[in-house]
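Fold and geometry: a report
Chain by chain, the residues:
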Amino acid sequence: MQAEGTVFKYGDNVDTDVIIPARYLNTSVPEELAAHCMEDIDKTFIKRVKKGDIIVAGRNFGCGSSREHAPIAIKAAGVSCVIAPTFARIFYRNSINIGLPIIECPEAAAAIADGDRVKVDFGSGIITDETTGKTFQGQSFPEFMQEIINANGLINYINEKQAQ
Amino acid sequence: MGMTMSQKVLASHAGLSEVKPGQLIEADLDMVLGNDITSPVAIRELDKFKKKAVFDKDKIALVPDHFVPNKDIKSAENCACLRHFAKENRITNYFEVGQMGIEHALLPEKGLVTAGDLVIGADSHTCTYGALGAFSTGVGSTDMAAGMVTGRAWFKVPSAIRVVLHGRCRRWVSGKDVILHLIGEIGVDGALYQSLEFTGDGVSSLTMDDRFTICNMAIEAGAKNGIFPVDDRTREYMAAHSKKTPHEYTADPDAEYTRTVTIDLDTLEPTVAFPHLPENTKTVSEAGDVRIDQVVIGSCTNGRYDDIKTAYEILKGRKVAEGLRVIIIPATQDIYLRAVKEGMIAAFIEAGAVVSTPTCGPCLGGYMGILAPHERCVSTTNRNFVGRMGDVTSEVYLASPAVAAASAITGKISQPSELGL
Ligand code: SF4
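Small disclaimer: the values here were computed from a predicted structure and weren't measured.

Moving on, we come to the side chain of Asp36(B). Residue and element names in this part refer to chain B. Position of aspartate 36 relative to the elements: it lies in the loop between strand E2 (31–35) and helix H2 (39–46). Of the side chains bearing the opposite charge, arginine 83 lies closest to the buried aspartate 36, which forms no salt bridge; the N-O distance is 9.4 Å. Of the polar contacts made by the side chain of aspartate 36, one reaches the backbone nitrogen of aspartate 65; its length is 3.1 Å. A polar contact of 2.8 Å, which involves the side chain of aspartate 36, links it to the backbone nitrogen of histidine 66. When near neighbours in sequence (up to four residues on either side) are disregarded, aspartate 36 contacts Val63, Pro64, Asp65, His66, Phe67, Val68, Asn78, Cys79 and Leu82.

Structure representation (structure tokens):
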């Protein structure tokens, strides 16, 4: 599986309140959530983002609340992958559970600039900045998590296991 | 190699004699929690399971608290979804308006969590119950859905930071100051993917409400969980609230920690976290002249009995500063009722504050005290992110009930000593 898109770059500690503000949590419809994705930190994000685009951010991405609405909003906005040095732990597991690919890679997060074209190969974890020509080795998932991702999320994984 | 308290709880629930940091395990759950924001997502996910029945109707807790009593039609729909699901599946621990409270204050109060339990909740502050010696952690709605069906969840076994507490807090210094100080020291990702294990001779001086506040904000340091050893105070609390049999675990003497942080409780001062991160801490003495527009006393962090009582001791017989809005929200019906019976609510109203039925409300910028552009609020809640309580230019200063109440009188960030207390 691969992702390719234009980079939206943000700083450290991007929290779930700016990814999807709580005032919109009275709904859980992905498209409605996506319409407000990132609006408290970047009002133009949702107007500019195109299917396949990539978010590159600083450390502790997704800190704050447990709202699965955050990775759901990002995924529904069309984002194909999030790259950061570290992710907040609930955001990390939520992303795996709903099938939003995220990759930990401090070097890529530091070097890639806003607006760069980036390609990610999920199998190998290799991140290529096509604008600068630089490549980076991102962390690949442990086998157990890879199985959940391969099954396309936790629920399918459990269904498959129960069927066995 | 020895195990930490958290590792022991995880090992026992995974049916293993030993676990190591980084190991991926699947473990049996004692309680699965959700609220009116996260449960509807989980309930919808349930349809995707082949096997849809809940694993144990007594081990699921559903608490509508965020936008409750319903703030608008969409919130009402979410709550209706919860209500119907609870009825259909005969969920024992569903708490309707009238019985409900903010989930993390309610579950311990109702005795639904005791020492040694393994709890997941689709709310990040589920880590609160570590105060009772349980392993409890926040997850998302898909995990909640899977937990409700299978009674199990996957975990990556965390390493731990040991936090050694010495001495005892001075007057007007409480659990909130301890945890704000710690987050100021280690940062908002200082404990990322790790447990915060509290220990030391200072533990015994902390009330249960102090410990709940401290564990509540473990997530604000990025931690997976916070956990306290079980002592006589814990046992007394559990005996008064729960019929369940607790299981006490203690860390092995040779348990490994990635680092040790020591805090002398005697030296702590009333502390405030400035916008827009909980790690931006200063003591109130260093805060300078910060004028405020609103004060909120409540939430799963500081809406418990001790907190409301502290606010009462400061506000009674005084008047809130002119032009300031002061909102006090007891976290559960039980706390609210005690405050009514003990005359606290009358004192709050006489002081010029408003008092609300239990709700998360303003804590997450939901309703009941939203901030206008550039307004400032001193709040006893746990997050001061951009836009958390209202407009993106508004500011939230996190503090203890004592500091919030003192600030309510002066109209600027203050501590009780400024009132001669
Ligand atoms: S009081 Fe605030 S932090 Fe606590 S559960 Fe409610 S919204 Fe979350």
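This next bit is on the interface of chain B and chain A. With 50 residues of chain B at the contact, the number on the chain A side is 43 residues. Interface area for chain B against chain A, summed over the two sides, is near 3900 Å², with a carbon-plus-sulfur share of 56%. The largest share of the area that chain B buries against chain A comes from Thr142(B), Trp154(B) and Tyr193(B), three residues that together contribute 18% of it. Between chain B and chain A we count five salt bridges in total. Notably, a salt bridge pairs Asp189(B) with Arg59(A), separated by 2.5 Å at the nearest N-O pair. For the interface between chain B and chain A, the tally reads 24 residue pairs in polar contact (both at pLDDT 80 or more). Put simply, the parts of the chain that give the side of chain B that touches chain A at least two residues each are strand E1 (24–28), H2, helix H3 (73–88), strand E6 (135–138), helix H5 (141–150) and strand E7 (152–156) of chain B.

What follows concerns the site of the ligand. Residue and element names in this part refer to chain B. Lining the immediate environment of the ligand, one finds 13 residues, of which His125, Cys300, Cys360, Cys363 and Asn382 sit closest. At the level of secondary structure, the elements contributing two or more residues to the shell around the ligand comprise helix H4 (103–109) and helix H9 (299–302). Looking at the shell around the ligand, its residues break down into five nonpolar, five polar and three charged.

All names here are of chain B. Residue proline 69 is bonded to the preceding valine 68 through a cis peptide linkage, with omega at -10°. Within the secondary structure layout, proline 69 lies in the loop between strand E3 (60–63) and H3. For the bond running from proline 275 to histidine 276, omega is -5°, close enough to zero to count as cis.

The next thing to look at is the packing of helix H4 (residues 69–76) of chain A against helix H5 (residues 89–98) of chain A. Residue and element names in this part refer to chain A. Between H4 and H5, the shortest axis-to-axis distance is 9 Å and the interhelical angle comes to 50°. Relative to H5, the element H4 lies oblique. The two elements H4 and H5 cross, and the hand of that crossing is right-handed. Here H4 contributes Ala70, Pro71, Ile72, Ile74 and Lys75 to the contact with H5, which in turn contributes Phe91, Asn94, Ser95 and Ile98. Residues of the contact of H4 with H5, tallied by class, amount to six nonpolar, two polar and one charged.

Quick notes on the rules
Residues numbered from 1 in each chain as written. Chains lettered and ligands numbered in written order. Predicted model: local features only at pLDDT ≥ 70, side-chain atom pairs only at ≥ 80, totals over all residues. Heavy atoms only, no water. Helix = DSSP H or I, 4+ residues; strand = E, 2+ residues; numbered from the N terminus. Buried < 20%, exposed > 50% of the residue type's maximum accessible area, 1.4 Å probe, protein only. Lys, Arg positive; Asp, Glu negative; His and termini not counted. Salt bridge = Lys/Arg side-chain N within 4 Å of Asp/Glu carboxyl O. Polar contact = N/O pair within 3.5 Å; in protein donor to acceptor, adjacent residues only side chain to side chain. Contact = heavy atoms within 4.5 Å. Buried area = accessible area lost by both parts, 1.4 Å probe. Near = heavy atom within 4 Å. Nonpolar A, V, L, I, M, F, W, Y, C, P; charged D, E, K, R; others polar. Axes fitted to C-alpha atoms, helices over the stretch in contact; angles between N-to-C directions. Parallel < 35°, antiparallel > 145°, perpendicular 65-115°, else oblique. Left-handed = near helix turned anticlockwise from the far one by under 90°.

Keep in mind these numbers describe shape, not what the thing actually does.
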